[in-house]
Structures are given as structure tokens and as C-alpha cells.
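# Fold and geometry: a report
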Amino acid sequence: MVKTMFVELHLGSADRRLISLLKRLGYGLVALIISGNNDIEELPAFRKLVITKGSAWKIGLSRSFDLVSVVPWSRFALNKLISDDRIDAITVNEVNRKVLPSKAQARAMAREGKALEIVINPIVSNGESGLAFLRDVINDYSTIDGLRIVVSQGISKVSDVRNPRDIVELIRVLTGVDAKPLISENPYELLVDALYRRGVCL
Amino acid sequence: MMYVIVDVYPGDSIDKVITDLNSWFRLFSGKDAIGSELKVIAKYEGKGRVVIQVPSNLLKYLRSAVIMAGRESDITVITVKVTGTIRKALAIASSVPYLFNEFVE
């Protein structure tokens with residue numbers, strides 16, 4: 001049996017202790033969402049740009065990042081961004097039903113090769129209503145053909161860290177979906193595609 | 001039965017975490033857990049480690065509860081290992097290094 005390698009695409013800290021904890025939990029690849037010179041030796045680390053309402057201008061910097069995702073702030077913005085070549089993923093990181101992609105938008109995302117990233121920490125911090133949201137989002141979008149769903153923990157401090165195998169169990173309990181690829185293969189492929197799109201040879 | 005080794009940081013929040021785990025476990029398992037309960041087999045107070053016994057068919061609910069426990073109090077709760085025998089669980093619990101050793105220093 002091949003050992004699963006987990007991938008965290010929403011890491012907000014380069015703390016050496018945090019990184020070595022992630023490594024012990026089976027993480028083999030991370031994407032940092034913070035700027036600055038963060039040397040990580042223990043794990044391959046990529047740089048991810050997360051665009052939000054206040055930082056839409058940053059899309060101009062996308063060339064200097066390995067991965068670009070957008071936290072959509074309106075349906076209109078989402079529509080525009082779905083067809084933007086510089087965007088690799090749409091990120092859902094709060095309990096906000098208003099800015100979720102519609103079914104049609106999600107199908108367009110699948111066609112355009114854009115992933116849907118769900119960051120679970122800020123969502124489940126809302127307790128039971130967060131769990132309900134997580135359940136509905138995964139149930140709704142896992143039926144869209146060809147849409148790549150990625151689940152990140154969203155880690156910026158040690159208390160954010162959980163065992164990825166437990167996340168797989170949680171999602172299975174909530175939805176019946178096998179979530180293992182969502183934290184391993186899918187984010188890995190998303191990253192590889194993003195690098196490829198930028199012309200990096202692997 | 002299954003035995004789950006859980007590490008907690010800070011180490012002195014074990015009791016709070018056990019309370020949290022029980023209530024989330026109840027929420028997730030609902031009627032499936034009528035008549036059964038989580039049982040604390042061993043507590044390593046100084047170390048922040050606990051071994052919990054759970055019926056095999058309810059393991060998934062305990063693992064889900066681990067995701068939710070401690071969040072409101074900034075406590076880290078991480079499953080170290082799941083095994084099928086108490087003997088193995090205790091052996092692992094007393095030999096595997098505490099996950100948060102580097103944070104304690």
C-alpha cells in the first residue's frame with residue numbers, strides 16, 4: 001500500500017515547530033499564504049497568493065506566486081474571475097452562502113480547470129452551523145462533474161492543527177464522501193497544474 | 001473496541017478536552033451511541049496525553065469529535081494513533097514522543 005501524502009495549501013505560518021508537527025502528521029507539501037522570505041527546510045513549500053476584496057489589485061503580482069486563489073466577495077466578481085487565466089482556485093473560507101459559486105459557475109470552473117478550495121478551520125469554528133455549511137458545500141459540489149475539490153485546514157497557529165485522517169473521517173461522517181483525495185491527490189494535482197500553467201517544467 | 005491515543009496542548013487542558021470530546025461525540029453519534037460511552041483508559045497528566053476506548057462502530061464519531069474539540073479555548077487536539085488492543089495502545093502511549101515537545105520548551 002502506498003502511503004498517503006497530505007498537502008496543506010493554506011498555511012499561514014512558517015514556524016519551524018509547526019512545520020515539523022505537520023511533517024510528523026504525514027504532510028509532504030505545503031503552500032504558504034504569507035509573504036516574506038520564509039525558508040522552510042523540512043518540507044517543500046510553495047507560495048500562494050490569496051486575493052480578497054481588499055487586495056484585488058494583487059492579481060498583477062500573480063506571476064511571482066506558484067498558486068493563486070480568490071476568496072470571492074460577490075457573484076459578479078466570481079463570474080469575472082472564473083474565466084481569468086491567472087486564477088487557479090476559488091477559496092471558500094467562511095460560512096457565507098451569498099458568494100458561493102452557483103451550479104452553473106461551478107460547472108464553468110470545472111471546464112476552466114479551476115479548483116474549489118474549502119478551508120475548514122474558519123468554517124467549523126462556527127460550531128454546529130459551520131458543520132452544516134461544510135456538509136452542504138461538499139454535498140453540493142461533489143456532484144459537479146470534473147470539479148476538483150480541495151480541502152485545506154487553514155493553519156496559522158498550533159491550535160489550528162488537526163490530524164488530516166480525522167478530517168477525512170469528519171467529512172465521511174457528514175457527507176459519506178471519501179475525502180482522502182481532497183487532502184492529498186487533489187491539492188497535489190492542483191499545485192502541479194498551477195506550476196505547469198506558469199511554464200515550470202516538472 | 002478501539003483505542004485512540006490523543007495528544008493535547010497545552011498539556012493541562014486534558015479534562016476540558018475530554019468534556020469537549022464527549023459532547024461532540026454525542027452530537028455526531030446521536031442514537032448510535034445510546035448505551036455506550038467513551039471511556040478514558042489512561043491519562044498522562046504531565047504529558048498532555050490520553051487514551052480513550054470507543055466501540056469500533058463509533059470510532060468515526062470520536063475522530064470527528066477530535067476535529068471540533070478545544071477550538072473555543074485555543075487547545076490543540078490531535079490523534080496520535082488508533083489501535084485495536086489496549087496492550088498496544090498503552091505501549092504506544094508510553095513510548096511515542098509527545099507531539100508538542102518542541103512547543104513546551
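Just above sits the structure.
These figures come from a predicted structure and were not determined experimentally. (Residues numbered from 1 in each chain as written. Chains lettered and ligands numbered in written order. Predicted model: local features only at pLDDT ≥ 70, side-chain atom pairs only at ≥ 80, totals over all residues. Heavy atoms only, no water.)

## Notes on the pairing of strand β2 (residues 27–32) of chain A
Residue and element names in this part refer to chain A. The buried count for β2 comes to six of six residues, which makes it a mostly enclosed element. The sheet contact formed by strand β1 (residues 6–11) and β2 spans four bridges and is parallel. Bridged to leucine 11 within β2 is leucine 32. Taking the sense of rotation as the criterion, the β-α-β connection linking β1, helix α1 (residues 16–24) and β2 turns out right-handed. Direction of pairing for β2 relative to strand β3 (residues 45–51): parallel, over a ladder of three bridges. Each residue of the ladder has a partner; that of valine 30, found in β3, is alanine 45. (Buried < 20%, exposed > 50% of the residue type's maximum accessible area, 1.4 Å probe, protein only. Helix = DSSP H or I, 4+ residues; strand = E, 2+ residues; numbered from the N terminus. Pairing = 2+ DSSP bridges. Right-handed = clockwise from strand over helix to strand, strands pointing away.)

## Observations concerning the sheet that holds strand β4 (residues 76–83) of chain B
Residue and element names in this part refer to chain B. Spatially, the four strands line up as an open sheet ordered β2-β3-β1-β4, and their pairing is antiparallel. Two strands lie at the open edges of the sheet, namely β2 (39–44) and β4, each paired on one side alone. Direction aside, neighbouring strands of the sheet carry axes that sit 25° apart on average. The pairing of β2 with strand β3 (residues 49–54) spans five bridges and is classified as antiparallel. Its bridge partner being in β3, alanine 42 is matched across the sheet by valine 51. Relative to β2, helix α3 (residues 86–95) is tilted by about 25°, and along the sheet it contacts β1 (2–9), β2, β3 and β4. (Axes fitted to C-alpha atoms, helices over the stretch in contact; angles between N-to-C directions. Contact = heavy atoms within 4.5 Å.)

## Some words on a positive patch on the surface
Residues Lys3(A), Arg165(A), Lys180(A), Lys81(B), Arg87(B) and Lys88(B) make up a contiguous surface patch of positive charge. Here Lys88(B) lies in helix α3. What makes Lys88(B) partly exposed here is its relative accessible area of 48%. (Patch = residues over 30% accessible without salt bridge, like charges linked within 9 Å, V, L, I, M, F, W, Y side chains within 5 Å. Areas by Shrake-Rupley, 256 points an atom, 1.4 Å probe, with all protein chains shown as cover. Salt bridge = Lys/Arg side-chain N within 4 Å of Asp/Glu carboxyl O. Lys, Arg positive; Asp, Glu negative; His and termini not counted. Charge placed at Lys NZ, Arg CZ, Asp CG, Glu CD.)

## Remarks on the side chain of Ser29(B)
Residues and elements named next belong to chain B. Examined against the element boundaries, serine 29 turns out to sit in helix α1 (residues 14–29). A relative accessible area of 4% places serine 29 in the buried class. A polar atom in the side chain of serine 29 sits 2.6 Å from the backbone oxygen of phenylalanine 25. (Polar contact = N/O pair within 3.5 Å; in protein donor to acceptor, adjacent residues only side chain to side chain.)

## Some words on the pattern of salt bridges
Summed over the entire model, instances satisfying the criterion amount to 19 salt bridges over all chains. A salt bridge links Arg16(A) to Glu102(B); its shortest N-O distance comes to 3.1 Å. Highlighted residues: Arg16(A) in helix α1 and Glu102(B) in helix α4 (residues 101–104), drawn from two different chains. A residue is classified by how much of its surface remains accessible, and Glu102(B), at 28% relative accessible area, is partly exposed. For Asp136(A), the salt bridge goes to Arg97(A), with nearest N and O atoms at 3.8 Å. With a gap of 39 residues between them, Asp136(A) in helix α5 (residues 128–141) and Arg97(A) in the loop between β5 (89–92) and α3 (103–112) connect regions that are remote in the sequence.

## Brief notes about the sheet that holds strand β6 (residues 115–119) of chain A
All names here are of chain A. Taking strand neighbours across the sheet as the criterion, the seven strands line up as β1-β2-β3-β4-β5-β6-β7 in an open arrangement whose pairing is parallel. The open sheet has two free edges, formed respectively by β1 and β7 (149–152), since each of these has just one partner strand. On average, each strand axis in the sheet is tilted by 30° relative to the strand beside it, whichever way the strands run. Taken together, the four bridges between β3 and strand β4 (residues 67–70) define a ladder with parallel strand orientation. Across the sheet, residue valine 50 finds its bridge partner in β4, namely serine 69. Together, β1, β2, β3, β4, β5, β6 and β7 form the strand contacts of helix α8 (residues 185–197), whose direction differs from that of β1 by roughly 65°.

## A closer look at the interface of chain A and chain B
Counting residues at the interface gives 26 residues for chain A and 27 residues for chain B. Between chain A and chain B lies a buried interface of about 2300 Å² when both sides are counted; carbon and sulfur atoms form 61% of it. The largest per-residue losses of area from chain A upon contact with chain B belong to Arg24(A), Arg162(A) and Asp166(A), which jointly make up 27% of the total buried on that side. Our count for the contact surface shared by chain A and chain B stands at three salt bridges. Between Arg63(B) and Asp166(A) there is a salt bridge; the shortest N-O distance is 2.4 Å. Scanning the region where chain A abuts chain B turns up 15 residue pairs in polar contact (both at pLDDT 80 or more). At the level of secondary structure, the elements contributing two or more residues to the side of chain A that touches chain B comprise α1, α4 (120–124), α5 and α6 (164–175) of chain A. With seven residues, α6(A) is the single largest residue contributor to the side of chain A that touches chain B. Of the residues in the side of chain A that touches chain B, the class split is 11 nonpolar, six polar and nine charged. (Buried area = accessible area lost by both parts, 1.4 Å probe. Nonpolar A, V, L, I, M, F, W, Y, C, P; charged D, E, K, R; others polar.)

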